[in-house]
Amino acid sequence: MTVVIPTLVAGPTLTACLRALGRQTAREFEVVVVDNSGAGLARAAVEEGFPARVIENRENAGFGRAVNQAAAESPAPFLAVLNDDAAARPGWIEALLKAAENDPETGMWASKVLLAGEDRLDSAGMLICADGSSKQRGHGEPAGEYCRLEEVLLPSGSAAMYRRRMLEEIGLFDEEFFLYCEDTDLGLRARRAGWRCMYVPGAVVEHAYSRSAGRASPL
């Protein structure tokens, strides 16, 4: 597996994200940090956190393009995407890979994403609202909810895993979105192509929700 972490400001949140990956029970994975700062800010966080390969961009290329850059250089059968302000609990990777065993029709896996420092959910997969916008399933509900492995519409890109064979079939993230909704677009394209998404409650991540851009910001 390859874990891709796009970052813009790097700093302590990225260091914490990387240190959490260093505590994973599964060990067969690589980490690629895509630095969109244009100033090489990620290298210091990587040195303090966990060994990772760094791709440096001269300017902010956006979330989707950053993930696509890492995907193009990785032959791994599974590609995980993780926000730089998300800390994965030790069993995150192991739970995702276990869910993928003997399940060839599933191409996407959604994590149980908790609001950092709270006993509430950020996301248990994604939904589509009546107006066409995307919405986090279970957002704000007690963390003890949504404890069953089940099919959901699509995963949140804050902490998701994708099958490479699926990505080769339907394409990678649409880079025109730049930031936000690229995960929704990819998930819907995958569903239309016949791929399933499973929600994995044992794959737990704590997310500092909208810390980078701000909640419901114009961006």
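Keep in mind it's a predicted model, so treat the numbers as computed, not measured.

Definitions and cut-offs
- Residues numbered from 1 in each chain as written.
- Predicted model: local features only at pLDDT ≥ 70, side-chain atom pairs only at ≥ 80, totals over all residues.
- Heavy atoms only, no water.
- Salt bridge = Lys/Arg side-chain N within 4 Å of Asp/Glu carboxyl O.
- Helix = DSSP H or I, 4+ residues; strand = E, 2+ residues; numbered from the N terminus.
- Buried < 20%, exposed > 50% of the residue type's maximum accessible area, 1.4 Å probe, protein only.
- Polar contact = N/O pair within 3.5 Å; in protein donor to acceptor, adjacent residues only side chain to side chain.
- Contact = heavy atoms within 4.5 Å.
- Pairing = 2+ DSSP bridges.

## Re the pattern of salt bridges
- Taken as a whole and assessed by the stated rule, the structure comprises ten salt bridges.
- Its salt-bridge partner being R191, residue E151 comes within 2.8 Å of it at the nearest N-O pair. On the criterion of sequence distance, the pair formed by E151 in strand β10 (residues 150-152) and R191 in helix α6 (residues 182-192) is long-range, its members being 40 residues apart.
- Judged by relative accessible area, E151 falls into the partly exposed class, the value being 39%.

## Here's the deal with the side chain of T2
- As for its position among the elements, T2 is in strand β1 (residues 2-7).
- For T2, a relative accessible area of 0% puts it in the buried group.
- Among the polar contacts listed, one links the side chain of T2 to the side chain of S74, at a separation of 2.6 Å.
- Ignoring sequence-local partners within four residues, the contact set of T2 consists of E30, V32, S74, A76, F78, L79 and A80.

## Digging into the pairing of strand β6 (residues 106-115)
- When you tally the buried positions in β6, you get ten out of ten residues, the bulk of the element.
- With nine bridges joining them, β6 and strand β12 (residues 196-207) adopt parallel strand pairing. In the strand pairing of β12, L114 is matched with E206.
- Here β6 runs beside strand β11 (residues 159-163); their pairing, made up of three bridges, is antiparallel. Following the sheet pairing, W109 is matched in β11 by M161.
- Taken together, the two bridges between β6 and strand β7 (residues 121-123) define a ladder with antiparallel strand orientation. Following the sheet pairing, L114 is matched in β7 by L121.
- Turn length for the β6-β7 hairpin, with the two strands adjacent in sequence and antiparallel, is five residues, and the turn residue G117 shows positive phi of about 75 degrees.

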